[in-house]
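# Architecture at a glance
So you can see what is in the structure, the chains are spelled out below.
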Amino acid sequence: SKKERANKKKEQRDLQACKSIVQELEGHEDAWPFLLPVNTRQFPTYKKIIKKPMDLSVIKKKLEDNLYKSREDYCEDLRLMFNNCETFNEDDSPVGKAGHNLRSFFETKWNEHFPPT
Ligand SMILES: Cn1cc(C(=O)NCCN2CCCC2)ccc1=O
């Protein structure tokens, strides 16, 4: 139907916006702690403390494999990644500070692409 075609277009626009947001996050100077999964041999307690690890490489792969039902589903994984960072790191540590900076950058980009009504 016309409505279904319009909705499919919206989904395609949202997916494209989510892909470009991840690219912008990857290029941010504070992205270094988030580019790959946390190394659990370097940080042996990580697996016990963080029940659902998440990082930009996993989010990018999920986007490419069409595993997100919606932009909200995608946003949930980004917020999980930043919340994991706050759980495991002191605010004034290098990783903790990078997490706060990158989260702020993400939320700004999110609102640029999807202005709250
Ligand atoms: C999200 N997060 C990341 C780290 C971390 O240190 N990641 C960077 C690891 N090195 C960067 C270049 C080579 C490997 C530690 C705790 C944490 O919660």
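Structural notes, computed from the coordinates. Source: prediction; values computed, not measured. (Residues numbered from 1 in each chain as written. Predicted model: local features only at pLDDT ≥ 70, side-chain atom pairs only at ≥ 80, totals over all residues. Heavy atoms only, no water.)

### A short note on the overall build of the protein
Definition in use: Secondary structure follows DSSP: runs of H or I at least 4 residues long count as helices, runs of E at least 2 residues long count as strands, and numbering of each begins at the N terminus. When accessible area is computed with a 1.4 Å probe and restricted to protein chains, residues below 20% of their type maximum are described as buried, those above 50% as exposed, and intermediate ones as partly exposed. The criterion used for residue contact is that any of the two residues' heavy atoms lie within 4.5 Å.
Check the secondary structure of the protein and you find five helices and zero strands. Along the protein, helices and strands appear, N-terminal first, in the series α-α-α-α-α. For the protein, the spread of C-alpha atoms along the principal axes amounts to about 55 × 25 × 20 Å. Counting every position in the protein, which comprises 117 residues, the buried fraction comes to 32%. Counted over contacts in the protein with a minimum sequence separation of 6, partners at least 24 positions apart contribute 65%.

### Here's the deal with a positive patch on the surface
This is how the line gets drawn: Patch members must show over 30% relative accessible area and no salt bridge, and they are joined within 9 Å when carrying like charges or within 5 Å when they are nonpolar side chains of Val, Leu, Ile, Met, Phe, Trp or Tyr. Areas reported here follow the Shrake-Rupley algorithm with a probe of radius 1.4 Å; residue values treat only the protein chains shown as occluding. Any Lys or Arg side-chain nitrogen found within 4 Å of a carboxyl oxygen on Asp or Glu counts as a salt bridge. When charges are counted, neither His nor the chain ends are considered; positive counts come from Lys and Arg and negative counts from Asp and Glu. Lysine's charge is taken at NZ, arginine's at CZ, aspartate's at CG and glutamate's at CD.
On the surface, a cluster of positive charge is contributed by Lys-2, Arg-5, Lys-8, Lys-9 and Arg-13. Note on placement: Arg-5 falls in helix H1 (residues 2-26).

### Things to note about the pattern of salt bridges
Under the criterion given, the structure shown has ten salt bridges. The partner of Asp-77 in a salt bridge is Lys-62, with the nearest N and O atoms 2.7 Å apart. Here Lys-62 lies in helix H3 (residues 56-64) and Asp-77 lies in helix H4 (residues 71-88), a separation of 15 residues in the sequence. Assessed through its relative accessible area of 23%, Lys-62 is described here as partly exposed. Across the salt bridge formed by Glu-107 and Arg-79, the nearest N and O atoms sit 2.8 Å from each other. Pair noted here: Glu-107 is in helix H5 (residues 94-113) and Arg-79 is in helix H4, with a separation of 28 residues, a long-range link.

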